[in-house]
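One letter stands for each residue in the lines below.
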Amino acid sequence: MQKRLSIQTYIEGVLSGNRMILSRAITLIESQLPQDKALAQQLLEQLLPYTGKSIRLGVTGVPGVGKSTFIEVFGKTITAQNKKIAVLAIDPTSQITKGSIMGDKTRMEELAHDPLAYIRPSPAGNSLGGVANKTRETILLCEAAQFEVILVETVGVGQSETVVKGMVDFFLLLMLAGAGDELQGIKRGIIEMADAIAITKADGDNMQASKNARLEYLQALHLYPAAGNGWQTPVLTCSAFNNTGIEEIWNTVIAYVNQMQQNGFWQQNRQKQNLEWLHTYIKQTLEEEFFGNPVIRSRMSEVETNILSGKMLAIQGARELLNSIRK
């Protein structure tokens, strides 16, 4: 096990953009050890004045849409403008083995070797919404390390993927042409939250289908209520394979940032997200303290046995456990 660094070493390393120390700082904030949590809290408080200056992007999409391929080409477009980008790739965690593949650095090999890019895979763990428990904290560390664009790649599309919307400035939804009506169940909630929709793999024989899909999504967007920030969600087509339409998506992000900063929504959105973070952190901490409580641990097995044998309702068991710590 690596020896912990001093708080000053973490601070100086992150602020100087040292990749190795940044990675160790992220590992620190992801740690569940009590001594690491205290140090992580101190680190974030010290680095807070150096955060908040990046553009935070969320990217999600249906299975097979090619998120990693898109992000690699998109990231190279940004670094070509001499901007630093950090990609926070959230990998699904097996609920059986609790393991995670963490394959994004392999899938984005070219971007991973770009000196202006940093890729950090993190396991989703038990966190819902396609993001990791400490994604917000990781964003702050990357901002303190002077990355100008922070891109969060979610696990995959679904209604719960909209959690990422609560921690980014711009939410990009990648879609495929001809995906079929089977996706209607997940489209509505996530399309309403998207700041831009991009139809990927718009090349070769798929070009016309992509154009048709773009028109269909534009028509669908007209049925939704107008966004409170005054932004009209565009539908674009792109091909990571041919590197077409990628720069247009980046220009759309910049146009959005400019408009939101001018109309005051940018700061309002960041403030709202900080309140969401407050409530999320309280819920997570209460859950951890509840299941970590010695009284609960000693009684949990008995309650679970009674529920399995049919002697007790699940609600009754929950109330008994909650009452046992309230006393």
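Residues numbered from 1 in each chain as written. Predicted model: local features only at pLDDT ≥ 70, side-chain atom pairs only at ≥ 80, totals over all residues. Heavy atoms only, no water.

K.L.:
Help me out: how do you make sense of the overall build of the protein in this one?
P.N.:
Within the protein, the secondary structure is distributed over 13 helices and seven strands. Each of the 327 residues in the protein was classed as buried or not, and the buried ones make up 47%. If you take every contact in the protein between residues at least 6 apart in sequence, the share linking residues at least 24 apart comes to 75%. Counting only carbon and sulfur atoms, one obtains 54% of the accessible surface of the protein, whose full area is about 17200 Å². (Helix = DSSP H or I, 4+ residues; strand = E, 2+ residues; numbered from the N terminus. Buried < 20%, exposed > 50% of the residue type's maximum accessible area, 1.4 Å probe, protein only. Contact = heavy atoms within 4.5 Å. Areas by Shrake-Rupley, 256 points an atom, 1.4 Å probe, with all protein chains shown as cover.)

K.L.:
Please explain the confidence of the model for the protein as it appears in this structure.
P.N.:
As a note on interpretation, predicted positions should not be read in detail where pLDDT is low. Overall, the predicted model of the protein reaches an average pLDDT of 86, with 85% of residues at or above 70. Confidence over residues 93-103 falls short of pLDDT 50; this stretch has 19 contacts with residues more than four positions distant or in other chains. (pLDDT = per-residue confidence, 0-100.)

K.L.:
How do you make sense of the side chain of Thr 51 when you look at a structure like this?
P.N.:
Among the structural elements, Thr 51 can be located in the loop between α3 (34-47) and β1 (55-61). For Thr 51, a relative accessible area of 14% corresponds to the buried category. A polar contact of 2.7 Å, which involves the side chain of Thr 51, links it to the backbone oxygen of Leu 48. (Polar contact = N/O pair within 3.5 Å; in protein donor to acceptor, adjacent residues only side chain to side chain.)

K.L.:
Explain the pairing of strand β6 (residues 196-199) here, please?
P.N.:
Residues in a regular strand project their side chains so that they alternate between the two faces of the sheet. Neither face of β6 is left uncovered, since the one carrying Ala 196 and Ala 198 and the one carrying Ile 197 and Ile 199 both have all their residues buried. Relative to β6, strand β5 (residues 170-175) is paired through four bridges, and the arrangement is parallel. Within β6, the residue paired with Leu 173 across the bridge is Ile 197. Pairing geometry for β6 and strand β7 (residues 235-237), over three bridges, is parallel. Across the sheet, the residue bridging to Ile 197 is Val 235, located in β7. Note on the crossover from β6 through helix α9 (residues 207-221) to β7: the handedness is right-handed. (Pairing = 2+ DSSP bridges. Right-handed = clockwise from strand over helix to strand, strands pointing away.)

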